[in-house]
Amino acid sequence: MGDTVTVTSAAADLIRSLRGQHGPLMFHQSGGCCDGSAPMCYPAGEFRTGGSDVLLASLAVDGVPEPVEFWMSKAQWELWKHTRLTVDVVPGRGSGFSLEAPEGVRFLIRSHLNR
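This is a predicted model, so every value here is computed, not measured. Residue positions are counted from 1 within each chain, in the order its sequence is given. Restriction of local features to residues with pLDDT of at least 70 applies here, the model being predicted, together with a cutoff of 80 or more for giving and counting side-chain atom pairs; totals for whole chains, interfaces and linings are based on all residues. Hydrogens are left out, water is left out, and the side-chain values use all remaining heavy atoms of the structure.

Visitor: Describe the packing of aromatic side chains, listing the residues and the values that go with them.
Guide: Paired rings are identified among Phe, Tyr and Trp, the last through its six-membered ring, by centres lying within 6.5 Å, and are further divided according to the angle between planes into stacked (under 30 degrees), edge-to-face (over 60) and tilted (the rest). For the coordinates displayed, the defined rule picks out 3 aromatic pairs. Considering the side-chain rings of phenylalanine 27 and phenylalanine 70, the 5.8 Å spacing of their centres and the 35° angle between planes classify their relative orientation as tilted. Of this pair, phenylalanine 27 sits in strand E2 (residues 25-29) while phenylalanine 70 sits in strand E5 (residues 68-73), and the two are 43 residues apart along the sequence. Neither residue differs from the other here; phenylalanine 27 and phenylalanine 70 are each classed as buried. An aromatic cluster is present here, built from Phe27, Phe70 and Phe107 joined pairwise through their rings. Helix and strand assignments follow DSSP, with helices taken as H or I runs no shorter than four residues and strands as E runs no shorter than two, numbered in order from the N terminus. For every residue, the accessible area (1.4 Å probe, protein chains only) is compared with the maximum for its type, and the residue is labelled buried under 20%, exposed over 50%, or partly exposed between those bounds.

Below you can see the structure in the form of structure tokens.
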């Protein structure tokens, strides 16, 4: 899917730090329940994906030896497929389920319409 998903330098820094603490990582874009619509970061394979999810990107992050997969539910992707997504990080507390929660920051998606 090309450059459907990218990361900012701040997000890449946090991904490197979390990779050092937790090993290989993955993202799943939350569908909007408890945490709104947030990219959730987990140890790779800890969030179970299946036929109702789509792999949008295998992100290459400098300093991280393996790709970081970025998943989203098919139903949500149908609504977002006209956008490019950028993973960023901002101050504040996000989900207790996402690995960055204890760091005092949270991952955030910035979306841009494809042209």
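Further notes follow.
Visitor: Which residues make up the nonpolar core, and what values do they have?
Guide: As a rule of thumb, soluble globular proteins bury nonpolar side chains together. Put simply, buried Ala, Val, Leu, Ile, Met, Phe, Trp, Tyr and Cys residues joined by side-chain atoms within 4.5 Å make one nonpolar core. Counting 25 residues, the largest nonpolar core has Phe70 and Phe107 as its most contacted members. Only helix H1 (9-22), E2, strand E4 (53-59), E5, strand E6 (83-91) and strand E7 (105-113) provide two or more residues apiece to this core. In terms of residue count, the dominant contributor to this core is H1 (5 residues). Residue contacts follow a heavy-atom distance rule, with two residues in contact if any of their heavy atoms lie within 4.5 Å. In contact with phenylalanine 107, not counting residues within four places along its chain, are Ala11, Leu14, Ile15, Leu18, Phe27, Pro39, Cys41, Val87, Asp88, Val89 and Glu100. Among the nonpolar cores identified, the runner-up in size contains 5 residues, and Met26, Ala38, Met40 and Tyr42 belong to it.

Visitor: Could you give an account of the sheet that holds E2, naming the residues involved and the relevant values?
Guide: Whether two strands pair depends on DSSP finding at least two bridges between them. On the basis of which strands lie adjacent, the open sheet formed by 4 strands has the order E3-E2-E5-E4 and mixed pairing. In this open sheet, the two strands that pair with only one neighbour each are strand E3 (39-43) and E4. If you compare each strand with its neighbour and ignore which way they point, the axes differ by 25° on average. The angle between two axes is taken between their N-to-C directions and runs from 0 to 180 degrees, where each axis is a line fitted to C-alpha atoms and a helix contributes only its stretch in contact. In the packing of H1 onto the sheet, contacts are made with E2, E3 and E5, and the angle to E2 comes to roughly 120°.

Visitor: Report on the sheet that holds E7, specifying residues and quantitative values.
Guide: Across the sheet, 3 strands lie side by side as E1-E6-E7; this open sheet has mixed pairing. Single-partner strands in this sheet number two, and they are strand E1 (5-7) and E7. Between one strand axis and the next, the sheet turns through 30° on average, direction left out of account. Two elements, E1 and E6, share 3 bridges in a ladder whose sense is parallel. Paired with valine 5 across the two strands is leucine 85, which belongs to E6. Sitting on the sheet, H1 touches E1, E6 and E7, and the angle it makes with E6 is about 70°.

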